[in-house]
Amino acid sequence: MLKQRIITALILLPIALGGFFLLEGASFALFIGLVVTLGAWEWARLAGFPEQSARVAYAAAVAAMLFVMYLVPGIAPWVLGAAVLWWATATFLVLTYPRTSHHWANAATKLMIGLLILLPAWQGLIWIKQGALGNWQIMAVMVLVWGADVGAYFSGKAFGKRKLAPKVSPGKSWEGVYGGLALSLVITAVVGVMREWTAGQLLVGLFGAALIVFVSVVGDLTESMFKRQSGIKDSSNLLPGHGGVLDRIDSLTAAIPIFAVLLWMAAS
């Protein structure tokens with residue numbers, strides 16, 4: 001399994017980095033759209049549609065929506081605003097699982113939730129990419145999420161005692177969250193010092209980083225919640241040793257649109 005994970009990572013990493021940072025415009029939108037469409041194909045299974053025809057139909061519908069969103073860029077604020085509302089709701093649903101699971105247990109609601117997870121992630125990346133520092137800002141949100149994952153893994157292994165959400169993901173602990181948050185804040189502080197931020201800018205940056213870390217945890221737990229409800233371990237087996245696309249981007253689907261909204265608020 002470890003060998004599989006390493007080989008898959010070595011193949012995917014240059015593809016992912018090249019797609020994120022070398023592609024522009026329509027090519028970038030198409031690349032991200034392909035990832036999101038694969039995620040939609042996986043989500044249909046989590047929603048209770050194991051048949052390939054239904055999964056392909058849902059993925060095609062999501063691809064069509066992405067195309068419309070690309071043609072109508074003015075819809076971006078509405079899509080990102082919907083993401084803010086959804087991730088606030090998801091936080092409540094994760095904290096109250098399984099008591100409130102009946103609110104979203106039906107297939108139609110699950111399919112709609114898939115749209116609220118996938119479409120804003122695509123929209124957030126498109127919006128961030130268009131900025132003057134688009135590539136650096138995409139790197140920033142990815143480093144924050146990856147830093148949180150790394151910090152959580154080692155801190156949880158070493159100190160994890162108090163379960164974060166035992167009914168959703170028994171392996172995660174509050175100590176892991178704190179470790180991931182600490183590493184991400186250190187990274188943010190180092191960047192702030194190197195870029196000579198003012199004290200006010202540094203405080204805002206640290207607050208934003210903390211918010212991104214916490215919402216990324218919610219993104220991870222949300223997919224875990226739907227997998228647990230569906231009795232599924234991995235979203236698919238597309239990535240040998242890693243599970244599916246959603247298993248790799250669950251934290252980013254939450255972090256990216258919120259990061260985009262924070263950037264928009266900072267620029268306003």
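Residues numbered from 1 in each chain as written. Predicted model: local features only at pLDDT ≥ 70, side-chain atom pairs only at ≥ 80, totals over all residues. Heavy atoms only, no water.

Looking at an unreviewed UniProt entry, one finds the chain named Phosphatidate cytidylyltransferase, with Pseudomonas viciae as its source organism. According to the UniProt record, the Catalytic activity (unreviewed entry) comment for the chain is "a 1,2-diacyl-sn-glycero-3-phosphate + CTP + H(+) = a CDP-1,2-diacyl-sn-glycerol + diphosphate". Entered under Sequence similarities (unreviewed entry) in the UniProt record, the comment concerning the chain runs "Belongs to the CDS family." (UniProt positions renumbered as here; feature names shortened; annotations may be inferred.)

Caption draft 1: Just helix H4 (residues 76-95), in detail. For H4, which comprises 20 residues, the first-to-last C-alpha distance of 29 Å matches the rise-based estimate of 28 Å (1.5 Å per residue) to within 8%. Packing partners of the buried residues in H4 comprise helix H3 (52-71), helix H5 (107-129), helix H8 (199-230) and helix H9 (245-267). (Helix = DSSP H or I, 4+ residues; strand = E, 2+ residues; numbered from the N terminus. Expected span 1.5 Å × (residues − 1). Contact = heavy atoms within 4.5 Å.)

Caption draft 2: Looking closely at the pattern of salt bridges. Per the counting criterion, the structure on display carries six salt bridges. Across the pair lysine 129 and glutamate 24 runs a salt bridge, and its minimum N-O distance is 3.8 Å. On the criterion of sequence distance, the pair formed by lysine 129 in helix H5 and glutamate 24 in the loop between helix H1 (2-22) and helix H2 (25-46) is long-range, its members being 105 residues apart. In this structure glutamate 24 comes out as partly exposed when scored by relative accessible area, which is 46%. (Salt bridge = Lys/Arg side-chain N within 4 Å of Asp/Glu carboxyl O. Buried < 20%, exposed > 50% of the residue type's maximum accessible area, 1.4 Å probe, protein only.)

Caption draft 3: Highlighting the packing of aromatic side chains. Under the defined criterion, the tally for this structure stands at eight aromatic pairs. The interplanar angle of 45° and the centroid separation of 6.2 Å between the aromatic rings of phenylalanine 20 and phenylalanine 21 together place this pair among those described as tilted. Per residue, the accessibility class of phenylalanine 20 equals that of phenylalanine 21, and both read buried. Ring plane angle 85° and centroid distance 5.2 Å describe the contact between tyrosine 153 and phenylalanine 154, whose orientation is recorded as edge-to-face. Phenylalanine 154 gets classed as exposed once you look at its relative accessible area, which sits at 55%. It is arginine 55 that lies over the ring of tryptophan 41; its NZ or CZ is 3.8 Å from the centre. (Phe/Tyr/Trp six-rings, centres within 6.5 Å; stacked < 30°, edge-to-face > 60°. Lys NZ or Arg CZ within 6 Å of the ring centre and 35° of its normal.)

Caption draft 4: Up close: the nonpolar core. Trp43 and Trp87 are the most contacted members of the largest nonpolar core, which totals 66 residues. Looking at which element gives the most residues to this core, the answer is H9, with eleven residues. (Core = buried A, V, L, I, M, F, W, Y, C linked by side-chain atoms within 4.5 Å.)

Caption draft 5: Highlighting the UniProt feature "transmembrane region" (unreviewed entry) in the chain. UniProt marks residues 28-44, 78-97, 109-128, 134-155, 176-194 and 200-219 with the feature "transmembrane region" (unreviewed entry), using the numbering shown here. In the segment residues 176-194, helix accounts for 100% and strand for 0%; the C-alpha atoms at its two ends are 27 Å apart.

Caption draft 6: Highlighting helix H6 (residues 134-159). The first and last C-alpha atoms of H6 sit 37 Å apart over 26 residues, in line with the 38 Å expected at 1.5 Å per residue. Along H6, the positions that sit buried rather than exposed are Gly134, Ile138, Val141, Met142, Leu144, Val145, Gly147, Ala148, Gly151 and Ser155.

Caption draft 7: Broad picture of the side chain of threonine 188. Within the secondary structure, threonine 188 sits in helix H7 (residues 174-194). Accessibility expressed as a relative area gives 8% for threonine 188, which makes it buried. Other than its neighbours up to four places away in sequence, threonine 188 contacts Leu144, Trp197, Leu202, Gly205, Leu206 and Ala209.

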